[in-house]
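Commentary on secondary and tertiary structure
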Amino acid sequence: DNVAESIMGRTICALGDAASMPVTGVAPESELRTRYENEKARFGTEEQRFASHILVAVDEKAPAAVADTALAKARDIAAKARAPGADFGALAKQYSDDIGSKDSGGDLGPVGKGLFGDAFDTAFAALKKGDISDPVRTSSGWHVILYRESIPGSLKPFEAVRAELESEFLEGERERVYNEASSKLVDAVYADPSQLAETAKKFNPT
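Residues numbered from 1 in each chain as written. Predicted model: local features only at pLDDT ≥ 70, side-chain atom pairs only at ≥ 80, totals over all residues. Heavy atoms only, no water.

Helices and strands together make up the secondary structure of the chain, namely 7 helices and 4 strands. Summing over all exposed atoms, the chain offers an accessible surface of approximately 12200 Å²; the carbon and sulfur share of this is 52%. (Helix = DSSP H or I, 4+ residues; strand = E, 2+ residues; numbered from the N terminus. Areas by Shrake-Rupley, 256 points an atom, 1.4 Å probe, with all protein chains shown as cover.)

What follows is the structure in structure tokens.
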């Protein structure tokens, strides 16, 4: 009703705005670094590492003998791929069980962390450009991985954007404090509208 709207309007005016709300403490370093990791796309691009692979498929619940047979095949493929003059793409077309990539020579494109699981990530991270991995086991089977190429990134380091992240964090804290204070103030003013000014000072003494 009109009375409620009047009280609400007067309350907001008395409280001020979020920008003026005092915020105690500093932004936790761990919070800033987490934000940086989660929002890296804002600050440039990371290095892109491109891979190709040859998959020897085997069910993750397959008996050990079946898995070992597949491993032996994958090792043989890895040896062929490392031979002088070997064509990895041709070997992928011939041997890979990955229907989605074999016709393109095993091309997986840029491989981001977590895309194929921890074991794949660890093996791929250890490779230098042009290297071929030993067989790596995932839920899909055994992978022979080629680190094909990379595109350098242009990512700003954490230190270069720390002040920006801290400013955003503190702004968010002011919004949070403001919202909490305005909610409490509205409740208090409804309880005693005649004490609006005095009540507002308790919530925002600045």
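Between side chains of opposite charge, a pair can form when the charged atoms approach closely. If you walk through the whole model with that rule in mind, you get 15 salt bridges. Its salt-bridge partner being K40, residue E37 comes within 3.1 Å of it at the nearest N-O pair. What makes K40 buried here is its relative accessible area of 16%. Among the ionic pairs, R162 bridges to E166, the shortest N-O distance being 3.3 Å. Of this pair, R162 and E166 both sit in helix α6 (residues 158-191), separated by 4 residues, roughly a single helical turn. Through salt bridges with shared partners, a single ionic network connects E29, R33, R162 and E166. (Salt bridge = Lys/Arg side-chain N within 4 Å of Asp/Glu carboxyl O. Buried < 20%, exposed > 50% of the residue type's maximum accessible area, 1.4 Å probe, protein only.)

A few words on the sheet that holds strand β3 (residues 136-138). Taken together, the 4 strands give an open sheet; going across it, the order is β2-β1-β4-β3, and neighbouring strands pair in antiparallel fashion. Of all strands in the sheet, those bounded by a partner on one side alone are β2 (107-110) and β3. Averaged over all pairs of adjacent strands, the angle between strand axes in this sheet comes to 40°, irrespective of strand direction. Strand direction decides the pairing type here: strand β1 (residues 48-57) and β2, joined by 3 bridges, are antiparallel. Across the sheet, F50 pairs through a bridge with P110, a residue of β2. Against the sheet, helix α3 (residues 64-82) engages β1, β3 and β4 (141-151), with an angle of about 35° to β4. The sheet strands contacting helix α4 (residues 88-95) are β1 and β4, and the helix crosses β1 at an angle near 35°. (Pairing = 2+ DSSP bridges. Axes fitted to C-alpha atoms, helices over the stretch in contact; angles between N-to-C directions. Contact = heavy atoms within 4.5 Å.)

Our focus in this paragraph is the side chain of S96. One can find S96 in the loop between α4 and β2. The class of S96 is buried, set by a relative accessible area of 1%. Polar contacts involving the side chain of S96 include one to the main-chain amide nitrogen of L55, which spans 3.2 Å. Leaving out residues up to four positions away in the same chain, S96 has contacts with H53, I54, L55, L91 and K102. (Polar contact = N/O pair within 3.5 Å; in protein donor to acceptor, adjacent residues only side chain to side chain.)

For α3, spanning 19 residues, the distance from its first C-alpha to its last is 27 Å, which sits close to the expected 27 Å at 1.5 Å a residue. Turning to α3, its buried residues are A67, A70, L71, A74, I77, A78 and A81. The buried residues of α3 all sit within an arc of 125° when viewed along its axis, so they share a single face. Pointing more than 90 degrees away from the buried face of α3 are the exposed residues A65, T69 and R75. The elements touched by buried residues of α3 are β1, α4, β3 and β4. (Expected span 1.5 Å × (residues − 1). Arc of directions from axis to C-beta.)

The tally for this structure, following the rule as stated, stands at 5 aromatic pairs. Centroid distance F120 to F124: 6.4 Å. Interplanar angle 55°. Geometry classified as tilted. Of this pair, F120 and F124 both sit in helix α5 (residues 118-125), 4 residues apart, which is roughly one turn of the helix. There is no split in this pair, since F120 and F124 are both buried. (Phe/Tyr/Trp six-rings, centres within 6.5 Å; stacked < 30°, edge-to-face > 60°.)

Close contact between α3 and α4 brings their axes to 10 Å; oriented N to C, the two are set at 155°. In this view, α3 runs roughly antiparallel relative to α4, as classed from their interaxial angle. When the axes of α3 and α4 are compared, the crossing they make is right-handed. From α3, K73, I77, K80 and A81 reach across to α4, where they touch F88, L91 and Y95. Among the residues making up the contact of α3 with α4, the classes are represented as 5 nonpolar, no polar and 2 charged. (Parallel < 35°, antiparallel > 145°, perpendicular 65-115°, else oblique. Left-handed = near helix turned anticlockwise from the far one by under 90°. Nonpolar A, V, L, I, M, F, W, Y, C, P; charged D, E, K, R; others polar.)

All quantities given are derived from atomic positions and should not be read as evidence of function.
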